[in-house]
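Notes for the structure review
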Amino acid sequence: MSHRFFTEDNVALELTFKKLFMKLWPYLWKHPRGVIVSLLLIAGYVSLGRFLPFLFGYAVDEGIRQKHVEIIVYVAIAYLVLESLRAALAFAQSSYIQKLGNRVLFEIRERLISHTQRLPVRYFERNPSGRTVTRVTNDVFALGELFSQGFAAIFVNLIEMASILVGLAFLSWKMTPGRAWALPPLLWICIWLSKRIRYQFGATKRKLSMINAYSAESLSGIKLLQLFDRTAESRGFFHQLSKEYRDLQLSTVRLFATLWPVIEAFNIFTLAVALLLGAYFHQNHGMSLGQLSAYILLLQGFFKPLKTILERYNQLQNSLASADRVFQLMDEEQENREGMDFPQPRLAGRIEFQDLSFRYSESTPYVLRNISLDIEPGMSVALVGRTGSGKTSTISLLQKLYDFDEGDIRIDGVSLREIAPQALRPRIGVVQQDGFVFSGSLLSNITLFDPKIPRERAAWAAEQAQCQDILRKHGGLDGRVQERGSNLSAGERQLLAFARVLAFDPDVLILDEATANIDSVSERHIQKATEAVTRGRTSVIIAHRLSTILHCDKIVVLDKGEILEVGTHAELLAKRGRYAELYSLQFWSEISSGSEDSRKDFGVSNPSS
């Protein structure tokens, strides 16, 4: 397996902190009380912290130098009170911010999964499921760091730094400007390193998404890998991905390791210069020892919030890389859900394809050309043809999984362009070639947790779909279904899919190779169910095995996206065209197999017939 066949999740790093804040603000402002209370708690916490150095300075000048012990006692008590209040405010602000952040994350996660479920089929065709899962889980979790140790921490520490600068200027406006000269080069170095770190985080996210997507794909196909003994090659490809991910992580660690010595060197140098200048101002400008002590404490306190800001800023690069991916997914264009509902409670089921042509994109050839077909209410119509003839594309358009530009499809005289997808799809029941089942119970797989379908109807649908043996084997409707239906056979999963369609009682039925992967016994069970459910109901059937569509009212032969022949089984055999050719090939292939079931399917009692 090669990298070039497995695309990376390339996401442009477009978000700045300002843009991210603008995207998050609508979520934050849904909770104005939490925002306002958090800001007030932050302001109180920062304000109390600025009094502490002044208290120590006052204790040095008025208590220690003047030998007033009672002043030192009062300062000690005041210090304990202020620190206790700061601890209480720190707890309160952290709690409020965490609650606010969790509420916002809950809303983002809910909106993201809701948005993802409304994306068109095209999105899921070009994006592996593992990639989307990574964005909904890992990236949203990383986005949570914005609240737990992100914006709030940066905001608090910025206010602390500003208040410290005000305090320094108040103590000595002459000394303070001299401390600021080293800030620009420090910030330039830190910002440059931060950009590098953000790039590394983005590359790491892309590689992690690739690992998740590949893991999901390889685990889904583990039986095939084991069958062809390709697990070693699969492990080798995973090892290469994991090695690249490790190297990216180590590169990020090295950048972080470079950043902290730069900050520490700036801290040491600035304090050393402040002590020298402080001694000079004490000797020549009357600066008291208490003022100098307060100044040094304030200046030393300046580096803690600065270090925290840079630390959080670089951690936020991870959140920013995740935010790019989360909000890019939110910006994906949703399926067009505009349109009206059908005016009548049930459809008669008249379907008209009017000069329909379709291609999946402007750069690809047409897969359907000038399709015109009338299907009367209650009629069963089969679509047959070789692989790639356009059968699946036709029924996909009928379900509005894709939009068509040329021609029209009308149901009961109403154009599908005017009908909302959510109004159309409940009216059309679909049984696909591979019946998908969810982990849960047999009942939940039949009803899909729809409260409008009572248990009695689900039991009736299971009986009509010939699921009696399944219910007995697995303990009734409440029987357990394991993940991906691993405890069910292919035939049992397909019978459940038929029971599901019967329970939902659609107006139009689509069978997409519904009997392709099951044995003859299961197929006969399904035939009994479908004969009852298709009677008086419009049905469109895609079938590879022509023996299953002999009863259809109309058979449509497609080839390279065009209709070649239309008629009944007998009419098409009499034409001796493409259908007769396909039927003859299958006839002799199945009859020569010698099975009794095959002979019965084609209506003969022995091979010589």
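Residues numbered from 1 in each chain as written. Predicted model: local features only at pLDDT ≥ 70, side-chain atom pairs only at ≥ 80, totals over all residues. Heavy atoms only, no water.

**A short note on the confidence of the model for the protein**
Taken residue by residue, the protein gives an average pLDDT of 80. The fraction at 70 or more is 87%. When the elements of the protein are averaged for pLDDT, helix 22 (residues 596–601) gives the smallest value, 50, and strand 1 (residues 351–358) the largest, 96. Note that residues 1–6 has pLDDT below 50 and, in this model, 15 contacts with residues that lie over four places away or in other chains. Scored below 50 in pLDDT, residues 602–609 makes 15 contacts in the model with residues more than four places away or belonging to other chains. (pLDDT = per-residue confidence, 0-100. Helix = DSSP H or I, 4+ residues; strand = E, 2+ residues; numbered from the N terminus. Contact = heavy atoms within 4.5 Å.)

**With respect to a negative patch on the surface**
A contiguous patch of negative charge, built from Asp355, Glu362, Asp403, Asp405 and Glu406, is present on the exposed surface. With respect to the secondary-structure elements, Asp403 resides in the loop between helix 13 (391–398) and strand 4 (406–411). (Patch = residues over 30% accessible without salt bridge, like charges linked within 9 Å, V, L, I, M, F, W, Y side chains within 5 Å. Areas by Shrake-Rupley, 256 points an atom, 1.4 Å probe, with all protein chains shown as cover. Salt bridge = Lys/Arg side-chain N within 4 Å of Asp/Glu carboxyl O. Lys, Arg positive; Asp, Glu negative; His and termini not counted. Charge placed at Lys NZ, Arg CZ, Asp CG, Glu CD.)

**Describing the environment of Gly536**
On the secondary structure map, Gly536 appears in the loop between helix 19 (520–534) and strand 10 (538–542). For Gly536 and Gly378, which are 158 residues apart along the polypeptide, the C-alpha to C-alpha distance reads 4.4 Å.

**Some details on the packing of aromatic side chains**
Following the criterion strictly, the structure yields eight aromatic pairs and no others. Considering the side-chain rings of Phe358 and Tyr360, the 4.8 Å spacing of their centres and the 75° angle between planes classify their relative orientation as edge-to-face. Among the residues examined, Phe358 registers a relative accessible area of 2% and is labelled buried. An aromatic cluster is built from Phe358, Tyr360 and Tyr402, whose rings are joined through pairwise contacts. The ring of Tyr45 has Arg86 sitting right over it, with the charged end atom 4.4 Å from the ring centre. (Phe/Tyr/Trp six-rings, centres within 6.5 Å; stacked < 30°, edge-to-face > 60°. Buried < 20%, exposed > 50% of the residue type's maximum accessible area, 1.4 Å probe, protein only. Lys NZ or Arg CZ within 6 Å of the ring centre and 35° of its normal.)

**Digging into the packing of helix 16 (residues 455–464) against helix 18 (residues 490–504)**
Two elements in contact, helix 16 and helix 18, have axes separated by 8 Å at closest approach and are oriented at 130°. Considering the angle they form, helix 16 stands oblique to helix 18. Taken as a pair, helix 16 and helix 18 cross one another with a handedness that is right-handed. Residue-level inspection shows Arg457, Trp460, Ala461, Ala462 and Gln464 of helix 16 in contact with helix 18, the latter providing Ala499, Leu502 and Ala503. By residue class, the composition of the contact of helix 16 with helix 18 is six nonpolar, one polar and one charged. (Axes fitted to C-alpha atoms, helices over the stretch in contact; angles between N-to-C directions. Parallel < 35°, antiparallel > 145°, perpendicular 65-115°, else oblique. Left-handed = near helix turned anticlockwise from the far one by under 90°. Nonpolar A, V, L, I, M, F, W, Y, C, P; charged D, E, K, R; others polar.)

**Structural notes on a nonpolar patch on the surface**
On the surface, a cluster of nonpolar side chains totalling about 640 Å² of accessible area is made up of Phe21, Met22, Trp25, Trp29, Ile36 and Leu40. Mapped by element, the contributors of at least two residues to the nonpolar patch are helix 1 (17–28) and helix 2 (32–64). No other element matches the three residues that helix 1 contributes to the nonpolar patch. Within the fold, Ile36 resides in helix 2.

**Examining the environment of Met287**
On the secondary structure map, Met287 appears in the loop between helix 11 (231–284) and helix 12 (289–331). For the pair formed by Met287 and Leu171, sequence separation is 116 residues and the distance between their alpha carbons is 8.9 Å.

**Quick look at the sheet that holds strand 12 (residues 562–567)**
The strand order across the open sheet formed by six strands is 6-9-10-3-11-12, and the pairing between neighbours is mixed. Each having just a single partner strand, strand 6 (428–431) and strand 12 make up the two edges of the open sheet. The average angle at which neighbouring strand axes cross in this sheet is 20°, direction not considered. In terms of strand pairing, strand 3 (residues 380–384) meets strand 11 (residues 554–559) through four bridges, oriented parallel. The residue bridging Leu383 from the neighbouring strand is Val556, located in strand 11. (Pairing = 2+ DSSP bridges.)

**Examining the sheet that holds strand 5 (residues 414–415)**
Ordered by their spatial adjacency, four strands build an open sheet running 2-1-4-5, and the pairing between neighbours is antiparallel. Only two strands of the sheet have a single partner each, and these edge strands are strand 2 (368–375) and strand 5. Across five bridges, strand 1 lies against strand 2 in antiparallel orientation. Bridge pairing in strand 2 links Ile351 to Ile375.

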